[in-house]
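Spelled out, the chains give:
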Amino acid sequence: MLYLLFEYLHKHYDFPGLRLFQYLTFRASLSIILSLIITTVYGRRIIDYLHRKQVGETVRNLGLEGQMQKQGTPTMGGIMILLGILIPTLLFANITNVYVVLMIITTVWMGIIGFVDDYIKVFRKNKEGLAGRFKVVGQVGLAVIVGLTMFYNSNIVVRQTVDETAVKKNDAPMILRQKGEKFYYTQDVKSTKTNVPFYKNNEFDYAKVLKFLGKDYEKYAIIVFLFFVITIVTAVSNGANLTDGIDGLATGTSAIIGITLGILAYVSGNTVIADYLNIMYIPNSGELIIFAGAFVGACVGFLWYNSYPAQIFMGDTGSLTIGGIIAVFAIMIRKELLIPILCGVFLIEVLSVTLQVSYFKYTKKRFGEGRRIFLMSPLHHHYQKKGYHEAKIVTRFWIIGIMLAIITFVTLKLR
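Everything numeric in this text was worked out from a predicted model, so none of it was measured. (Residues numbered from 1 in each chain as written. Predicted model: local features only at pLDDT ≥ 70, side-chain atom pairs only at ≥ 80, totals over all residues. Heavy atoms only, no water.)

Q: If you had to explain the overall build of the protein to someone new, which residues and values would you point to?
A: Along the backbone of the protein there are 14 helices and five strands. Residue pairs at least 24 apart in sequence account for 71% of intrachain contacts in the protein once pairs closer than 6 positions are excluded. Accessible surface computed for the protein: about 20600 Å², of which carbon and sulfur atoms make up 62%. (Helix = DSSP H or I, 4+ residues; strand = E, 2+ residues; numbered from the N terminus. Contact = heavy atoms within 4.5 Å. Areas by Shrake-Rupley, 256 points an atom, 1.4 Å probe, with all protein chains shown as cover.)

Now the structure itself:
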């Protein structure tokens, strides 16, 4: 909103300093600062309010050290994260940008699902919360909205190299560019391509999965694209939810991922850097860095109170939202196939639960007695059972997250 206001003032009046709002880095900095202020300064008031309303966490005794001391700690702290993301984004981002609109929808949509789940647990005293099928329906619904918008919206395009003798794919102008001694043409076109590591030219076309159908295979690309989007949104959202098990783990890991995605959004929206790194240039996607700044600021600000020993838990209001944001953000900048690397911490947490449950069912059916691979799942609880302090577990998981972020950047540079 402030962005649009200052754009109007700059266009019609000659006030000094208004040009600053044209710079992404300036607005991203303001976004981070305001998000930190909201989550740290006003976060204390939210915690006190939740205390007064007795919105406390009900802890099941799983035999973990220090676990029962967390009984009664305020939950639903994800509200702080939501405010820390939405307010700076609405103020400093261009809210007419389709990418920003989709991220706002994602934040509100997943926040509502998580809030309903927490509300049922806290106020209805139902430990199971919102039924799993309703969560999945909500996640799939969001994925369908994002997928269809990405596929059909005319403002979502990528810049690709085209043959000047070929028929134009749309009305967008063909731009002559030079790289070294070579000249080539580029054009902003609708595309089902995405960036992928360890692959020729770092690009993968979803449509080509259906190439076996014949020359009209591109007509059915939406099916493959939606399948991937639905899988990614549900997997990452649930992965973040499972990771939110000990103080500061999900919050700190998500902040690292958010910083990485913010950098990738900036370079993807900068034609010079994108060309140098041999990744897709996505017009107007640089605006997402304002949202990324708010996201990182909200995570870091919330970590102020969520670090060991936690004064508040984010609940599903926060964890489901964080996972949904990360998934949709990666899809927006066409880096979703990097998620298994970048979100490796989420991945191993999900795999640990999947392996544990599957192996237990298999051994119970075969031997009449269920056996376990880990002392407890998700994986962070396994290390707690082995006697590691949760602060040490969290720190080491953060280190792994930083290493995975670096690997993510390296893979994009590989040809």
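Q: Break down the environment of E369 for me, with residues and values.
A: The topology assignment puts E369 in the loop between α12 (344-367) and α13 (379-385). Other than its neighbours up to four places away in sequence, E369 contacts T363 and K364.

Q: Report on empty space enclosed by the protein, specifying residues and quantitative values.
A: This model, assessed by the stated rule, comprises two cavities of 30 Å³ or more. Of the volumes computed, that of the largest cavity is approximately 70 Å³. Going through the elements one at a time, α5 (132-152) and β4 (193-195) are the ones with two or more residues in the lining of the largest cavity. Of the residues contributing to the lining of the largest cavity, the split by class is five nonpolar, three polar and three charged. Taken as a whole, the second largest cavity holds about 40 Å³ of empty space. Lining the second largest cavity are G258, L261, F291, A292, F295, I325, I326 and F329. Elements supplying a minimum of two residues to the lining of the second largest cavity: α7 (249-268), α9 (288-306) and α10 (315-332). Of the residues contributing to the lining of the second largest cavity, the split by class is seven nonpolar, one polar and no charged. (1 Å grid on protein atoms, 1.4 Å probe; cavity = no way out; pocket = protein on both sides within 12 Å on 5 of 7 lines; lining within 4 Å. Points joined across faces, edges and corners; volume = space filled by probe spheres on them. Nonpolar A, V, L, I, M, F, W, Y, C, P; charged D, E, K, R; others polar.)

Q: Could you give an account of the packing of helix α4 (residues 98-122) against α5, naming the residues involved and the relevant values?
A: Relative orientation and spacing of two packed helices are given, respectively, by the angle between their axes and the distance between those axes. Closest axis-to-axis distance for the α4/α5 pair is 10 Å, and the angle between their directions is 175 degrees. As summarised for this structure, α4 and α5 are arranged roughly antiparallel, according to the angle between their axes. Of α5, the residues touching α4 (which contributes V98, L102, T106, W109, M110, I113 and D117) are K135, G138, Q139, G141, L142, I145, V146 and T149. (Axes fitted to C-alpha atoms, helices over the stretch in contact; angles between N-to-C directions. Parallel < 35°, antiparallel > 145°, perpendicular 65-115°, else oblique.)

Q: Go over a nonpolar patch on the surface with me, naming the residues and quoting the values.
A: Judged by side-chain polarity, L347, L351, L355, Y359, Y362, F367 and I373 come together as a nonpolar surface patch covering roughly 640 Å² of accessible area. Relative to the helices and strands, L351 is located in helix α12. (Patch = residues over 30% accessible without salt bridge, like charges linked within 9 Å, V, L, I, M, F, W, Y side chains within 5 Å. Salt bridge = Lys/Arg side-chain N within 4 Å of Asp/Glu carboxyl O.)

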